[in-house]
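# Inside the fold
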Amino acid sequence: MGQNLARKILNEHLMEGEMTVGKEIGIRIDQTLTQDATGTMAYLQFEAMGLPKVMTDLSVSYVDHNTLQTGFENADDHRYLQTVASKHGVYFSRPGNGISHQVHVERFGIPGKTLLGSDSHTPTGGGIGMIAIGAGGLDVAVAMGGGAFFTPMPKILNVKLTGKLQPWVSAKDVILEVLRRLSVKGGVGRILEYTGEGIKSLTVPERAIITNMGAELGATTSLFPSDEITLEFLKAQNRAQDWVELLPDADATYDEEIEINLSELVPMTAKPHMPDNVDTIKNIGPITVNQVAIGSCTNGSYMDLMRVAAILKGKNVHPDVSLVVAPGSKQVFEMIAANGALADLIKAGARILEAACGPCIGMGQAPQTDAVSVRTFNRNFEGRSGTKSAQIYLASPEVAAAAALTGKLIDPRELGDYPIVTIPPEFIIDDSMVLAPAVDSSTVEVLRGPNIKPVPLNDAMPETIAAAVVLKVEDNITTDHIMPAGAKILPLRSNIPAISEYVYCQVDETYPSRAKAAGMSFIVGGHNYGQGSSREHAALAPMYLGVKAVITKSFARIHKANLVNFGIVPFTFKNEADYETIDQMDELEIPNIREQMQNGTEITVKNVTKGTEFTVEYDLSERQISILLAGGQLNYTKMQAEA
Ligand code: F3S
C-alpha cells in the first residue's frame with residue numbers, strides 16, 4: 001500500500017510510539033524557530049535546562065512581534081534574545097529582517113525536514129515541503145535540547161486540488177474555501193496534505209499562504225510536496241542544494257479526502273469575527289471600508305506586494321480609506337524598493353510599515369471605532385485589531401487593493417485586466433541581518449534587563465483540588481481572549497507576574513484579582529477552548545494565578561498541550577449538558593486526584609455548591625499524566641534528570 005508524504009516524513013523522524021491515528025508519537029525535530037513574544041520564555045526555559053548548546057540542525061530566533069519600542073521592555077527583550085542566541089548556538093534574525101515564517105521559508109526551510117516553532121503559524125513551512133508544527137515555547141525549548149516533540153498521530157487528510165485559479169482569484173481564496181468547508185475545528189487531529197493537478201499552478205509563496213492559514217483550521221500542520229516548483233523557488237533563493245524531490249507514492253492512501261476545483265473558486269472573505277465565517281464578496285455586497293491592511297505572515301510575499309502595487313499603480317487610495325502595507329521580509333522590502341513597486345505604493349497613498357507583524361498582532365494601526373477593516377491577515381477575532389468594535393474582514397491582496405481604491409468591499413474582477421506577476425528568477429540575497437552564533441560562547445554574556453523575570457514554577461499536583469469556578473466562558477474562546485496582545489501587554493511577555501494581571505481582562509476585568517484572591521481555582525469553558533495562537537502565556541499566566549484545571553467541551557490542540565506543560569489539567573465533560581449545571585463561583589471538589597488520574601480516563605467531580613456530581617474525561621498519555629502530577633514539564637524534566 002502506497003505511503004502519503006506526511007507519513008513518509010513522520011516515519012523518518014519517529015523516535016517514540018507507533019503511527020496509529022490518535023496514539024502519541026514522539027518525533028525528532030531538525031529545525032526550530034521562535035519569535036520574540038514567545039521566544040524570551042522559550043530561551044529562559046532552555047537556560048533552565050542547563051544545556052550549553054542547542055542540539056538541532058538549525059535554530060533561529062526571530063524578532064517580529066514586539067518591534068514597537070514605546071518603552072525599554074521590548075528593546076531589553078531584543079538584547080536578551082540576541083545574546084542568549086549567540087551563547088547557545090542559535091541564529092538571530094534582527095528586528096527589521098521580517099516575519100519569522102516568511103523569512104524561514106525564504107532562507108532556511110528545507111523540504112523533508114521537521115520544524116517546530118513557538119508560533120501557531122509555523123505550518124507556513126509546509127509550503128516548501130516541511131513537516132512544520134506550531135507549539136508552546138516549552139516544547140520548542142525541549143526540542144532545542146534534543147528531546148522529541150510529542151503529538152497524537154494525526155489523520156492525514158488529502159486535499160485534492162483540480163483545475164486552475166482564474167484571474168483575480170488567489171491562494172487566499174483556496175484556504176478560505178477550505179475553512180468554509182471544514183470550519184475552525186475541522187483540521188483538529190489532522191495533517192492536510194495537498195495533492196492533485198491543481199498544485200502545479202501554485203508557486204511556493206502561494207502554497208505557503210495555504211499552509212499558513214491551515215493553523216486556523218486547528219490542524220497539526222499542512223503540507224505540499226517538494227517538486228519542480230519548489231526547486232524553482234529554491235534556485236531563485238540561491239539554495240538549489242537544499243532541494244530534494246518529495247512526493248507521495250502514486251498509490252498513496254489517506255484517512256480522508258476532499259476535492260476542490262480551483263477553476264470554480266471566486267473571490268471570498270472571512271467576515272467578523274471568525275476565520276471560517278466565509279462568504280463570497282458578491283454575496284456580501286458593496287459595504288463601506290474604512291481601513292485596508294496588507295501584509296502579515298500570510299500575505300506579505302513578493303508576489304502579494306507586486307500584485308497590489310500593480311493594481312494601485314497610477315491611481316489613488318480612496319480618501320476615506322487608510323491603507324497600510326507591511327512587507328513580510330526585508331528581502332521583499334528591498335526588492336520592491338529596487339524595482340520601483342514601493343514608489344508606486346507610496347505614490348498611490350499607502351502608508352508603509354516595517355517588515356514585521358505590526359497591526360496583525362495589534363501593534364499599531366488600530367482601526368477607528370466601528371470601522372470596517374479589510375485585512376490580508378489570518379485572524380479576525382474580536383478585539384485583536386486593538387479596536388473592540390471594529391469589523392475585520394480577511395481577504396486576498398486583490399480584494400484588499402480593490403477596497404483601498406474604491407472604499408468598498410467589491411469583487412476585484414470589476415477592476416478589469418488582471419496584472420500578471422511571476423516569481424523572479426533571482427531574489428535579492430542579503431542575510432546581513434541574520435547573526436550567526438558565537439564561535440566561542442564563553443565570550444558571550446547574556447544580558448537581561450529588569451523586564452526579564454525568571455520562569456515561575458508550579459507546585460506538584462495536590463491530593464485534592466477543592467476550589468471555585470472563578471470563571472465560566474462560552475465556546476470558541478481564543479488565546480487572545482485569555483492573554484490579550486497589543487502594545488500595552490505584549491512588552492510584558494517575559495514578566496509573568498506583571499502580565500498575569502491581564503489574564504482575561506477584556507472578557508472580565510475583575511477576573512485576575514478574583515483568581516488571585518481564590519488561591520486555587522477552576523475555569524469552565526465550551527467547545528474549541530484555547531483556539532488561535534500558540535502563546536503559552538495563556539497557560540502560564542493562569543497557572544501563576546492558581547488555576548489547577550480547565551473543564552471544557554473540547555480543546556484546541558496547542559493550548560491543551562500548553563496547559564499540560566504548566567501543570568493545569570485539561571478535562572472535558574463526559575456529558576456536555578453538565579456544562580449548563582455549573583455557575584461561575586460554584587465550589588468544585590476532586591478528592592484523591594493524584595491517585596484517580598493514574599487509574600483510568602475519567603473522574604467524578606463534586607459540585608459542592610449544588611450538591612451534585614458530574615464526570616469529566618481526560619485524553620492524555622502516560623507521559624502527560626506524569627507531567628501533570630509533577631506540576632508541569634519543567635518540574636518533570638528536573639525530576640527525570642535527578643532520577
Ligand atoms: Fe505575526 Fe500575525 Fe503571523 S502576529 S507571525 S503576522 S499571525
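Rules used throughout
- Residues numbered from 1 in each chain as written.
- Predicted model: local features only at pLDDT ≥ 70, side-chain atom pairs only at ≥ 80, totals over all residues.
- Heavy atoms only, no water.
- Domains from an automatic or database assignment.
- Buried area = accessible area lost by both parts, 1.4 Å probe.
- Salt bridge = Lys/Arg side-chain N within 4 Å of Asp/Glu carboxyl O.
- Polar contact = N/O pair within 3.5 Å; in protein donor to acceptor, adjacent residues only side chain to side chain.
- Nonpolar A, V, L, I, M, F, W, Y, C, P; charged D, E, K, R; others polar.
- Near = heavy atom within 4 Å.
- Axes fitted to C-alpha atoms, helices over the stretch in contact; angles between N-to-C directions.
- Helix = DSSP H or I, 4+ residues; strand = E, 2+ residues; numbered from the N terminus.
- Parallel < 35°, antiparallel > 145°, perpendicular 65-115°, else oblique.
- Left-handed = near helix turned anticlockwise from the far one by under 90°.
- Contact = heavy atoms within 4.5 Å.
- Buried < 20%, exposed > 50% of the residue type's maximum accessible area, 1.4 Å probe, protein only.
- Pairing = 2+ DSSP bridges.

### Focus: the domain arrangement of the protein chain
- According to the domain assignment, the protein chain contains domain 1 (5-264), domain 2 (268-413) and domain 3 (465-642).
- One C-alpha centre belongs to domain 2, the other to domain 3; they are set 36 Å apart.
- In this assembly, domain 2 packs against domain 3 so that about 800 Å² is buried in total across both faces, 60% of it on carbon and sulfur atoms.
- The largest per-residue losses of area from domain 2 upon contact with domain 3 belong to Ile 361, Met 363 and Phe 381, which jointly make up 47% of the total buried on that side.
- Inspection of the region where domain 2 meets domain 3 yields one salt bridge.
- With a shortest N-O distance of 3.0 Å, Arg 384 and Asp 480 are connected by a salt bridge.
- Between the two partners, domain 2 and domain 3, sit three residue pairs in polar contact (both at pLDDT 80 or more).
- Among the residues forming the side of domain 2 that touches domain 3, the class breakdown is four nonpolar, one polar and three charged.

### Side note on the site of the ligand
- Within the structure, the ligand sits among His 65, Ile 99, His 101, Asp 119, His 121, Ser 296, Cys 297, Cys 357, Cys 360, Ile 361, Asn 378 and Arg 384.
- Of the residues in the shell around the ligand, the class split is five nonpolar, five polar and two charged.

### A word on the packing of helix α10 (residues 302-312) against helix α12 (residues 341-348)
- Contact geometry for α10 and α12: axes closest at 9 Å, N-to-C directions at 50°. As judged from the angle between their axes, α10 and α12 are oblique. Considering how the two elements wind past one another, α10 and α12 form a crossing that is left-handed. Contacts between α10 and α12 involve Met 306, Val 308, Ala 309 and Leu 312 from the former and Ala 341, Asp 344, Leu 345 and Ala 348 from the latter.
- The residue makeup of the contact of α10 with α12, split by class, is seven nonpolar, no polar and one charged.

### Quick word on unusual backbone geometry
- In the segment running from Pro 272 into His 273, the intervening peptide bond is cis, with an omega of -5°.
- Notably, Trp 168 is not glycine yet its phi reads approximately 75°, a positive angle.
- In this structure, Trp 168 sits in the loop between β9 (155-162) and α6 (171-182).
- Even without being glycine, Ser 296 reaches a positive phi, approximately 80°.

### Concerning the pattern of salt bridges
- Evaluation of the coordinates by the stated rule reveals 29 salt bridges.
- The closest approach of N and O atoms between Arg 379 and Glu 216, which form a salt bridge, is 2.8 Å. Note that Arg 379 is positioned in the loop between β18 (372-375) and β19 (391-394) and Glu 216 in the loop between α7 (204-212) and β11 (221-223), a separation of 163 residues in sequence.
- One continuous salt-bridge network, built from bridges that share partners, spans Lys 155, Arg 190 and Glu 256.

### Notes on the environment of Glu 595
- On the secondary structure map, Glu 595 appears in helix α19 (residues 593-597).
- Under the relative-accessibility criterion, Glu 595 is labelled exposed at 52%.
- Taking C-alpha positions, Glu 595 is 7.9 Å from Glu 463, a pair spaced 132 residues apart along the chain.

### A look at the sheet that holds strand β4 (residues 58-62)
- Strand order in this open sheet of six strands is β7-β6-β3-β4-β5-β20, and the pairing throughout is mixed. The strands lining the two open edges of the sheet, one partner per strand, are β7 (131-134) and β20 (434-435).
- Pairing of strand β3 (residues 31-34) with strand β6 (residues 114-117), which is carried by three bridges, proceeds in the parallel orientation. Looking at β6, one finds that Leu 33 is bridged to Gly 117.
- Docked against the sheet, helix α3 (residues 72-88) engages β4, β5 (91-93) and β20, running at close to 155° with respect to β5.

### What to know about helix α8 (residues 228-236)
- Within the sequence span of α8, burial applies to Ile 229, Thr 230, Leu 231, Phe 233, Leu 234 and Ala 236.
- Buried residues along α8 sit against α4 (100-108) and α7.
- Capping the start of α8 is the job of one residue whose side-chain oxygen sits 3.1 Å from the backbone nitrogen of Ile 229: Asp 227.
- Downstream of α8 by a residue or two, Asn 238 has a phi angle that is positive, lying close to 60°.

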